[in-house]
Amino acid sequence: MKKVCIVTGGSSGIGLSIVKRFVAENYQVFNLDIASSNVGEFRQCDITNVKQVKQIINDIAEQNVIDVLVSNAGIHFSGNIENTNEDELERVFNINVKGAYAAIKAVLPAMKLQQNGAIILMASDQALIAKHNSFAYNLSKASLASMAKTTALDYAQFNIRANAVCPGTIETPLYHKAIDNYCQKSGANKADVHAEEAALQPLGRLGQADEVAELVYFLGSDKAKFITGSLQVIDGGYTAQ
Ligand code: NAD
């Protein structure tokens with residue numbers, strides 16, 4: 001029987017690379033996303049809808065052992081605390097934090113019965129450090145680091161591992177949207193901003209989604225069986241500065 005991995009937000013960027021990575025290892029991969037995709041088994045799902053997430057994951061669990069959950073869906077929002085209104089704060093939290101809560105809570109009953117499971121939360125280097133004009137996003141990603149540690153402690157007794165991956169700046173549609181947004185507001189030139197971003201990284205370039213997917217695959221595998229409650233940085237050296 002194939003091993004099973006559930007990925008949220010697997011239709012684009014890092015999530016899509018994760019889906020492809022697990023498919024390449026012969027996993028059956030379920031992709032829960034609002035946007036459709038033909039890679040893996042797509043399940044239309046708004047991660048902010050806790051009931052819907054539970055229903056979809058219960059349906060998967062009825063037929064399968066769930067080996068791995070990758071809680072990856074997330075959005076970015078630019079703004080300092082004054083520029084972030086209540087609706088914007090709620091939207092970022094609903095997707096980034098409540099969405100992870102919904103997916104993790106839904107897989108735990110099956111993983112407890114199995115006495116096995118790996119959960120990977122997609123946090124960010126912004127779980128460890130703050131970046132300018134990222135009030136809601138910084139806050140949401142720091143929450144995910146805490147969620148990984150808390151889940152690791154509470155469920156270690158069931159042989160369930162939980163780790164957070166903390167990528168630096170990765171070239172995905174989310175990154176391009178954030179840069180476009182910044183250029184629109186500031187009048188800056190996109191090529192210049194892109195080059196400046198690359199120069200800010202000690203390795204002199206941005207990360208790629210495939211590189212993050214490789215780390216996620218490792219954490220989900222038995223090779224990482226003694227790793228839990230950790231924050232795994234993959235940022236080209238950015239947070240070492
Ligand atoms: P992306 O925008 O390319 O992909 C995000 C995916 O999440 C999309 O497929 C989107 O449809 C899905 N999604 C959004 N809202 C959803 C909802 N309500 N329900 C279900 N799915 C939803 O973004 P990405 O850059 O690949 O980011 C993926 C994750 O990695 C996010 O959590 C992001 O915060 C994190 N991250 C990204 C970077 C980066 O530089 N790109 C760095 C660190 C962390």
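Residues numbered from 1 in each chain as written. Predicted model: local features only at pLDDT ≥ 70, side-chain atom pairs only at ≥ 80, totals over all residues. Heavy atoms only, no water.

A. Structural context of the sheet that holds strand E2 (residues 28-33). The sheet built from 7 strands is open, its strands ordered E3-E2-E1-E4-E5-E6-E7 with parallel pairing. Strand pairing shows two members of the sheet lacking a second neighbour, strand E3 (41-44) and strand E7 (231-234), which therefore form its edges. Put simply, the sheet's adjacent strands are angled 20° from each other on average, direction ignored. Helix-sheet contacts for helix H2 (residues 50-63) involve strand E1 (4-8), E2 and E3, and the interaxial angle to E2 is about 165°. (Pairing = 2+ DSSP bridges. Helix = DSSP H or I, 4+ residues; strand = E, 2+ residues; numbered from the N terminus. Axes fitted to C-alpha atoms, helices over the stretch in contact; angles between N-to-C directions. Contact = heavy atoms within 4.5 Å.)

B. Summary view of helix H3 (residues 86-114). Taking 1.5 Å per residue as the helical rise, H3 with its 29 residues ought to reach 42 Å, and the 40 Å between its terminal C-alpha atoms agrees with that figure. Most pronounced at Asn94, the bend in H3 amounts to some 40°. Backbone nitrogen of Asp87 and a side-chain oxygen of the N-cap are separated by 3.0 Å at the start of H3; the cap is Asn85. Gln115 lies just past H3 and shows a positive phi near 60°. (Expected span 1.5 Å × (residues − 1). Bend = angle between axes of the 7 residues up to and from the residue. Polar contact = N/O pair within 3.5 Å; in protein donor to acceptor, adjacent residues only side chain to side chain.)

C. Representation of the site of the ligand in the model. Neighbouring the ligand are 27 residues, the closest being Ser12, Asp33, Asn72, Tyr137 and Thr172. The separation between an oxygen atom of the ligand and a polar side-chain atom of Ser12 is 2.6 Å. Counting only elements with at least two residues in the shell around the ligand, the list comes to helix H1 (13-24), helix H4 (135-155) and helix H5 (173-186). The class makeup of the residues in the shell around the ligand is 14 nonpolar, 10 polar and 3 charged. (Near = heavy atom within 4 Å. Nonpolar A, V, L, I, M, F, W, Y, C, P; charged D, E, K, R; others polar.)

D. Broad picture of the environment of Ser78. Locating Ser78 in the fold gives a position in the loop between strand E4 (68-71) and H3. Accessibility expressed as a relative area gives 19% for Ser78, which makes it buried. Separated by 100 residues in sequence, Ser78 and Ala178 place their C-alpha atoms 7.4 Å apart. (Buried < 20%, exposed > 50% of the residue type's maximum accessible area, 1.4 Å probe, protein only.)

E. Summary view of the packing of aromatic side chains. Here the structure, examined in full by the defined rule, presents 4 aromatic pairs. Ring-pair connections join several aromatic residues into one group, and the members of that group are Phe22, Tyr27 and Tyr217. A cation over a ring is seen here: Arg21 above Tyr217, with NZ or CZ 4.5 Å from the ring centre. The lysine or arginine in question, Lys112, covers the ring of Phe158, its NZ or CZ lying 5.2 Å from the ring centre. (Phe/Tyr/Trp six-rings, centres within 6.5 Å; stacked < 30°, edge-to-face > 60°. Lys NZ or Arg CZ within 6 Å of the ring centre and 35° of its normal.)

F. How the structure looks around unusual backbone geometry. Phi angles above zero are rare outside glycine, and Asn133 is one such case at about 55°. With respect to the helices and strands, Asn133 occurs in the loop between strand E5 (117-122) and H4. The backbone of Asn159 sits at a positive phi, close to 60°, despite the residue not being glycine. With respect to the secondary-structure elements, Asn159 resides in the loop between H4 and strand E6 (160-167).

G. Up close: the pairing of E2. With 5 of its 6 residues buried, E2 lies for the most part within the structure. Handedness of the crossover is the feature at issue here: the chain leaves E1, passes through H1, returns alongside E2, and the resulting connection is right-handed. Looking at chain direction, E2 and E3 are connected through 4 bridges and run parallel. Directly across from Asn31, in E3, lies its bridge partner Phe42. (Right-handed = clockwise from strand over helix to strand, strands pointing away.)

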